[in-house]
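Tertiary structure, described
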Amino acid sequence: MQYLTIALTKGRLASQTMELFERAGYYCEELKDKKSRRLVFTNEEQKLRFFLSKGPDVPTYVEYGAADIGITGADIIMEEQRRCHEVLDLGFGKCRMCVCGPGEARALLQHHEMIRVASKYPNIARDYFYNRKHQTVDIIKLNGSVELGPIVELADVIVDIVETGSTLQANRLQVLEEVCRISARMIVNPVSMQMKTERVREMIDRLRDCLTE
Ligand code: PRP
């Protein structure tokens, strides 16, 4: 039997994913060693192979078939726009994609003004402003600590993830508008969906049963 390969998002999402997988009867003891620098882990009995990657790379591995299945955030799936099937909302990793900035920036969102928007998510930001708000904006791609944008006057507002709100609060920024709700999702390679249908379907069903319990 061939391996079923699952790309996990390094960090907390991988731990939460493995907790759910265990409840559904899928195990990987090797993954529990948090000190290990290994990236690939197998369960020979169940013919499962897990690997740890950066979130934005998960849809890439799945599109190319290097992984049959991927688990990552809805934000990343939307941003990366890869060809894969989104099959399940796992319910954890909940947060919101928001337009944030200083309170004074609120007015800039009302009148279709040309503004500067900093984000790690240029595609999501572009789609929101162009297609939903019909506002022409200058999108500036950043790679992290996006809250800096309005503080150092690189941008008027940011489009970013808000989880607890503490980063915004610590930097005197606010949520100005909500773009969408985010949670962890399961994605599947279209060919794996055809070629490994039975195992993939069984996995989806078992995970879904755990989520509705
Ligand atoms: C994320 C996000 C916000 C912060 C939100 O950043 O981009 O900055 O978390 O979380 P909070 O609402 O609970 O404060 P991350 O920690 O991933 O770091 P980064 O900005 O360097 O990407």
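As a reminder, the structure under discussion sits directly above these lines.
1. Topic: the sheet that holds strand 9 (residues 157–162)
In spatial order, the strands read 8-7-9-6-10; together these five strands make up an open sheet with mixed pairing. Either end of the sheet is taken by a strand with one partner, and the two such strands are strand 8 (137–141) and strand 10 (174–182). Sheet twist, expressed as the average angle between the axes of neighbouring strands with direction ignored, equals 25°. By the bridge criterion, five bridges tie strand 7 (residues 115–119) to strand 8 in an arrangement that is parallel. Across the sheet, the residue bridging to arginine 116 is aspartate 138, located in strand 8.

2. Describing the nonpolar core
Membership of the largest hydrophobic core comes to 30 residues, with the highest contact counts inside it found for Ile6, Leu8, Phe21, Phe50, Ile69 and Met203. When residues of this core are traced back to their parent elements, those giving at least two are strand 1 (4–9), helix 1 (12–23), strand 3 (48–53), strand 4 (69–73), strand 11 (184–188) and helix 8 (197–212). With sequence-adjacent residues up to four places away left out, methionine 203 is seen in contact with Leu4, Ile6, Phe21, Tyr26, Leu48, Ile69 and Met186.

3. A look at the environment of glutamine 46
Tracing the chain through its elements places glutamine 46 in the loop between strand 2 (40–43) and strand 3. The sequence separation of glutamine 46 and leucine 4 amounts to 42 residues, and the corresponding C-alpha distance is 8.9 Å. Excluding its chain neighbours within four sequence positions, the residues that come into contact with glutamine 46 are Gly25, Tyr26, Tyr27 and Arg199.

4. Overview of the packing of helix 1 against helix 8
Between helix 1 and helix 8, the shortest axis-to-axis distance is 9 Å and the interhelical angle comes to 100°. Classified by the angle their axes make, helix 1 and helix 8 are roughly perpendicular. Of the residues in helix 8, those touching helix 1 at Leu20, Phe21 and Arg23 are Met203, Leu207, Cys210 and Leu211. For the contact of helix 1 with helix 8, the per-class residue count stands at six nonpolar, no polar and one charged.

5. Points about the sheet that holds strand 4
The strand order 2-3-1-4-11-5 describes an open sheet built from six strands, whose pairing is mixed. The open sheet has two edge strands with one neighbour each: strand 2 and strand 5 (85–89). Across the sheet, the mean angle from the axis of one strand to that of its neighbour is 25°, orientation sign disregarded. Strand direction decides the pairing type here: strand 5 and strand 11, joined by four bridges, are antiparallel. Across the sheet, residue histidine 85 finds its bridge partner in strand 11, namely valine 188.

6. What about unusual backbone geometry?
The phi torsion at lysine 47 lies on the positive side, around 50°, for a residue other than glycine. Relative to the helices and strands, lysine 47 is located in the loop between strand 2 and strand 3. Phi is positive for glutamine 81, which is not a glycine, with a value near 50°. As for its placement among the helices and strands, glutamine 81 is situated in the loop between helix 3 (74–80) and strand 5. Glutamine 81 sits in the exposed class, given a relative accessible area of 56%.

7. Here's the deal with the site of the ligand
Around the ligand, a shell composed of Lys120, Gly144, Ser145, Glu147, Asp160, Ile161, Val162, Glu163, Thr164, Gly165, Ser166 and Thr167 is seen. Here an oxygen atom of the ligand and a backbone polar atom of glutamate 163 are 2.8 Å apart. One nitrogen or oxygen atom from the side chain of serine 166 is found 3.4 Å from an oxygen atom belonging to the ligand. Coverage of the ligand by the protein amounts to 65% of the 500 Å² it exposes when considered alone. Only strand 9 and helix 6 (166–170) provide two or more residues apiece to the shell around the ligand.

Rules of the game
- Residues numbered from 1 in each chain as written.
- Predicted model: local features only at pLDDT ≥ 70, side-chain atom pairs only at ≥ 80, totals over all residues.
- Heavy atoms only, no water.
- Pairing = 2+ DSSP bridges.
- Helix = DSSP H or I, 4+ residues; strand = E, 2+ residues; numbered from the N terminus.
- Axes fitted to C-alpha atoms, helices over the stretch in contact; angles between N-to-C directions.
- Core = buried A, V, L, I, M, F, W, Y, C linked by side-chain atoms within 4.5 Å.
- Buried < 20%, exposed > 50% of the residue type's maximum accessible area, 1.4 Å probe, protein only.
- Contact = heavy atoms within 4.5 Å.
- Parallel < 35°, antiparallel > 145°, perpendicular 65-115°, else oblique.
- Nonpolar A, V, L, I, M, F, W, Y, C, P; charged D, E, K, R; others polar.
- Near = heavy atom within 4 Å.
- Polar contact = N/O pair within 3.5 Å; in protein donor to acceptor, adjacent residues only side chain to side chain.
- Areas by Shrake-Rupley, 256 points an atom, 1.4 Å probe, with all protein chains shown as cover.

Keep in mind that these numbers describe shape and distance, not what the molecule does.
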